[in-house]
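In case you want the letters, here they are:
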Amino acid sequence: MAETIYSFRSLFLLLAIVILFAGRYGGATAATRGYIKYKDPKAAIEERVEDLLTRMTLPEKLGQMCQVDRFNFSFFPPDTRHEIFTKYMIGSVLSNPYDTGASPSNRVNVSNTMQKWSLSTRLGIPLLYAIDAVHGHNTFINATIFPHNVGLGATRDPDLVKKIGAITALEVRATGIAQAFAPCVAVCRDPRWGRCYESYSEDTKVVNMMTESIMEGLQGNAPYVADFKTKLAGCAKHFVGDGGTVGGINENNTVADNATLFGIHMPPFEIAVKKGIASIMASYSSLNGVKMHANREMLTDYLKNTLKFQGFVISDWLGIDKITTPPRANYTYSIEASINAGIDMVMVPFQYKEFLDELTKLVNGGYIPMSRIDDAVRRVLRVKFSIGLFENPYAEETLIAEFGSEAHREVAREAVKKSMVLLKNGKTKEDKVIPLQRNVKKIVVAGAHANNMGWQCGGFTLTWQGFNGTGENIARNKAMKIPTGKTRGTTILEAIVKTVDSTTEVVFVEEPNQETSKLHADAAYTIVVVGETPYAETQGDSTTLSIAAPGPDTIRHTCGSGMKCLVVLVTGRPLVIEPYLDTIDALVVAWLPGTEGQGITDVLFGDHPFTGTLPRTWMKSVTQLPMNVGDKNYDPLFPFGYGIKT
């Protein structure tokens, strides 16, 4: 009987314990049933990242490491386009520099359609949409186009550059795009390099100053992105040493000791990392013979482990293909070498099926460890969570009114004014040419650059290589549905006509000849506008740095004839000008000013003073190159920092 009572007591005690635990913990289980940590905006970002990572299959992970071109959609029938996201689970899309012509509202709709497909997948990981925006939202017609970086370096005005970054972010976000491949923080040490105009200066201190400011404008003063509705994820490029290649040859080898590497080329990236840059793009170039896309010592050991960079490293366009010579000679090796070196996201951009297949084989075969895949995906997810993409995946049309607004154009005009550098003002101190008189009977404006919006904007404007309103590029522009005239803005000629007195006759001579000076001998002065035609990257490499034809003849036929002659150079770098200098009365560098040509006349006619100074050393001849401030044998035509103030 006692044993029976004891058994009942034991059973009762056990039942009580079960009820107690059910009461204490059962309610919590019911209350949190369906709770998914990575979807909880209140959870810590790192916890959300780890929670999502543990739920992902290998194909889902590899999809996050792949960035494809938006043009892929044209290769799919409309009813299967979603497969890029729903079948291949691609995590990022870019618009290339020819993806132009759309209105902001149209691109917002495209962005949201892609995002809808991404969110429809099992885990609902949002898409990251990226674009080049290197001097404003330069791919889009009627965006505000600012001076290229070399011109901004001439301003020495970090507050202005911060404004430009903020405006660029607004206009990019207005089109539904969340990331810009900017800023370029290269330190260009040789103007023969075709990307030198993308660099703020040959001087690291200037580049550092501008890097910090442009990042605050683009991303906000917070890690990754402060306000995702008006800011975007930046991308510092190109890591590292692309501005120091031998001979200034694009994608060439940079030979650098530690003093050069860490004293000149690395500091801007260190600043970018400290400011919380979302991503960093690897350079096509090599460092001491090692391709940067396969340089584990730099990408992983230094950038990630020493600098503690927390964002993701992205390849350049087909960057991993160029690890081998010729490109893509051994694609499997290129994938293995780049991923193991520390590339986290690969800009494929079209053959993504092959990339994913080969990457899958390399992981399953043990050639790329899963820990490396998890590190890459973790970094991509960290950025997506940090910029607020999970909570705000869809683009809104509320910012469209900001796109190309007059307020934005006024800032661009201010940038043009402050970037202008006056190198010569009269053949004697008493014989000043600037400020120009606006109330005269007649003036001559000479040179095709004076009335060509594409040429004054330079490369990376509407297309990769820029655009031209006249001549050989008309057919190409029409074929690509790019306006053959201009994007919205003011050419230099238009600005001159607006500035001078209404009674002043303005004669435009696109290509002067020997009779021009005689025909217009009664003109008060001539404004000659010459320089470079647009280019980008390797197409801009130059061994001569000559003024583009017929520029030299334009100078010869207008200057030295007895009439006052002001030469305005539209260029992304110093050009050989010394042979013409004696015949020129005044010389101004406008760099690549962008759409707001009125900023040029603001300083030419004295409404604003010349304050710009050279961000680069101006050589006498190319035989002196490379030559930079601080060099032992420094004998320039105009030194770094030179600029006549008015």
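Residues numbered from 1 in each chain as written. Predicted model: local features only at pLDDT ≥ 70, side-chain atom pairs only at ≥ 80, totals over all residues. Heavy atoms only, no water.

Trainee: Hey, could you run me through the overall build of the protein in this one?
Mentor: Broken down by element type, the protein carries 21 helices and 17 strands. A compact globule built from 646 residues would reach a C-alpha radius of gyration of about 26 Å, and the protein, at 29 Å, matches this within 12%. In terms of overall dimensions, the protein has a C-alpha envelope of 130 × 50 × 45 Å along the principal axes. Scored against the burial criterion, the 646 residues of the protein give a buried share of 61%. In the form shown here, the protein has an accessible surface area of approximately 24600 Å², with 54% of it arising from carbon and sulfur atoms. (Helix = DSSP H or I, 4+ residues; strand = E, 2+ residues; numbered from the N terminus. Rg over C-alpha atoms; globule rule 2.2 N^0.38 Å. Buried < 20%, exposed > 50% of the residue type's maximum accessible area, 1.4 Å probe, protein only. Areas by Shrake-Rupley, 256 points an atom, 1.4 Å probe, with all protein chains shown as cover.)

Trainee: Before we go on, may I ask you to explain the sheet that holds strand β3 (residues 128-131) in this structure?
Mentor: Hydrogen bonding along the main chain pairs the strands of a sheet, whether they run parallel or antiparallel. Across the sheet, five strands lie side by side as β4-β3-β2-β1-β11; this open sheet has parallel pairing. Unpaired on one side and paired on the other, β4 (179-180) and β11 (346-347) mark the two borders of the sheet. Here two bridges tie strand β1 (residues 66-69) to β11, and the two strands are oriented parallel to one another. By the bridge assignment, Cys66 is partnered in β11 with Val346. (Pairing = 2+ DSSP bridges.)

Trainee: Sorry, what's going on with the sheet that holds strand β7 (residues 279-282) here?
Mentor: The strand order across the open sheet built from three strands is β5-β7-β10, with neighbouring strands paired in parallel fashion. Each edge of the sheet is formed by a strand with only one pairing partner; in this case those strands are β5 (235-239) and β10 (312-314). Across the sheet, the axes of successive neighbouring strands diverge by a mean angle of 30°, strand direction being ignored. (Axes fitted to C-alpha atoms, helices over the stretch in contact; angles between N-to-C directions.)

Trainee: Please clarify how the side chain of Arg48 should be interpreted in this entry.
Mentor: Note on placement: Arg48 falls in helix α2 (residues 45-55). Setting aside chain neighbours within four positions, we find Arg48 in contact with Lys37, Tyr38, Lys39, Asp40, Pro41, Ala43, Phe385, Phe390 and Glu391. (Contact = heavy atoms within 4.5 Å.)

Trainee: Just checking my understanding: could you explain α2 for this structure?
Mentor: What sets the pattern is the α-helix's 3.6 residues per turn: residues three or four places apart point alike. Where α2 is concerned, the buried positions are Arg48, Val49, Asp51, Leu52 and Leu53. In this structure, the buried residues of α2 make contact with α3 (58-64) and α14 (370-386).

Trainee: Can you help me understand the pattern of salt bridges in this one?
Mentor: For side chains of opposite charge, pairing can occur when their charged atoms come near one another. Enumeration according to the criterion identifies 40 salt bridges in this entry. Lys564 is the partner of Asp431 in a salt bridge, and the nearest nitrogen-oxygen pair spans 2.5 Å. Here Asp431, found in the loop between β12 (421-425) and β13 (442-446), pairs with Lys564, found in strand β16 (residues 564-570); they are 133 residues apart in sequence, far enough to count as distant. Exposure remark for Asp431: the relative accessible area of 26% places this residue in the partly exposed category. The class for Lys564 is partly exposed, based on a relative accessible area of 28%. When the shortest N-O distance is used, the salt bridge between Asp635 and Lys620 registers 3.0 Å. Of this pair, Asp635 sits in the segment after α21 (598-604) while Lys620 sits in the segment after α21, placing them 15 residues apart in sequence. Looking at Asp635, the relative accessible area reads 42%, which means it is partly exposed. Overall, Lys620 belongs to the partly exposed group, its relative accessible area being 25%. Through salt bridges with shared partners, one network takes in Lys304, Asp344, Arg372, Asp375 and Arg379. (Salt bridge = Lys/Arg side-chain N within 4 Å of Asp/Glu carboxyl O.)

Trainee: I tried to follow the nonpolar core on my own but got confused; where do I start?
Mentor: The tendency in soluble globular proteins is for nonpolar side chains to be buried side by side. Core analysis: the largest hydrophobic core is formed by 105 residues, its most contacted members being Phe239, Phe355 and Leu359. The element contributing the most residues to this core is helix α7 (residues 158-173), with seven residues. Leaving out residues up to four positions away in the same chain, Phe355 has contacts with Met65, Cys66, Ile320, Tyr331, Ile335, Val346 and Val348. Counting residues in each nonpolar core, the second largest holds 64 residues, with Tyr197, Ile555, Leu581 and Leu637 among its members. (Core = buried A, V, L, I, M, F, W, Y, C linked by side-chain atoms within 4.5 Å.)

Trainee: I would appreciate a short explanation of the side chain of Lys61 in the present structure.
Mentor: When you line up the elements, Lys61 lands in helix α3. Here the side chain of Lys61 touches Asp374 through a polar contact of 2.7 Å, side chain to side chain. The contact partners of Lys61, leaving out residues within four places of it in the chain, are Leu53, Met56, Met370, Ile373, Asp374 and Val377. (Polar contact = N/O pair within 3.5 Å; in protein donor to acceptor, adjacent residues only side chain to side chain.)

Trainee: Mind showing me how you'd approach the packing of α2 against α14 here?
Mentor: The relative placement of two packed helices is expressed as an angle between their axes plus a distance between the axes. Relative orientation of the contacting elements α2 and α14 amounts to 130°, with a least axis distance of 9 Å. In terms of orientation, α2 and α14 fall into the oblique class. Helix-helix and strand crossings are classified by hand; for α2 and α14 the assignment is right-handed. Each of Ile45, Glu46, Arg48, Val49, Glu50, Leu52 and Leu53 in α2 lies in contact with α14, whose residues at this interface are Asp374, Val377, Arg378, Leu381, Arg382, Phe385 and Ser386. Of the residues in the contact of α2 with α14, the class split is seven nonpolar, one polar and six charged. (Parallel < 35°, antiparallel > 145°, perpendicular 65-115°, else oblique. Left-handed = near helix turned anticlockwise from the far one by under 90°. Nonpolar A, V, L, I, M, F, W, Y, C, P; charged D, E, K, R; others polar.)

Trainee: Quick question: what am I supposed to make of the packing of aromatic side chains here?
Mentor: Aromatic rings considered in pairs are described by the distance between their centres and by the relative angle of their planes. In total, this model carries 13 aromatic pairs according to the counting rule given. Note on Phe239 and Phe269: the rings are 5.1 Å apart at their centroids and 90° apart in plane angle, and the pair reads as edge-to-face. Taken together, the residues Phe239 in strand β5 and Phe269 in helix α10 (residues 267-274) connect sequence positions 30 residues apart. As far as burial versus exposure is concerned, Phe239 and Phe269 are alike and both buried. Taken together, the ring pairs connect Tyr38, Phe385 and Phe390 into an aromatic cluster. When the ring centre of Phe228 is taken as origin, the NZ or CZ atom of Arg173, which lies over that ring, is 4.2 Å away. (Phe/Tyr/Trp six-rings, centres within 6.5 Å; stacked < 30°, edge-to-face > 60°. Lys NZ or Arg CZ within 6 Å of the ring centre and 35° of its normal.)

Trainee: What's the story with the environment of Ser405 in this structure? I'm lost.
Mentor: Take Ser405: it is sitting in the loop between α14 and α15 (406-419). Through-space distance from the C-alpha of Ser405 to that of Phe73 is 31 Å; in sequence the pair is 332 residues apart. When sequence neighbours within four positions are dropped, the list of residues in contact with Ser405 reads Thr144 and Glu171.

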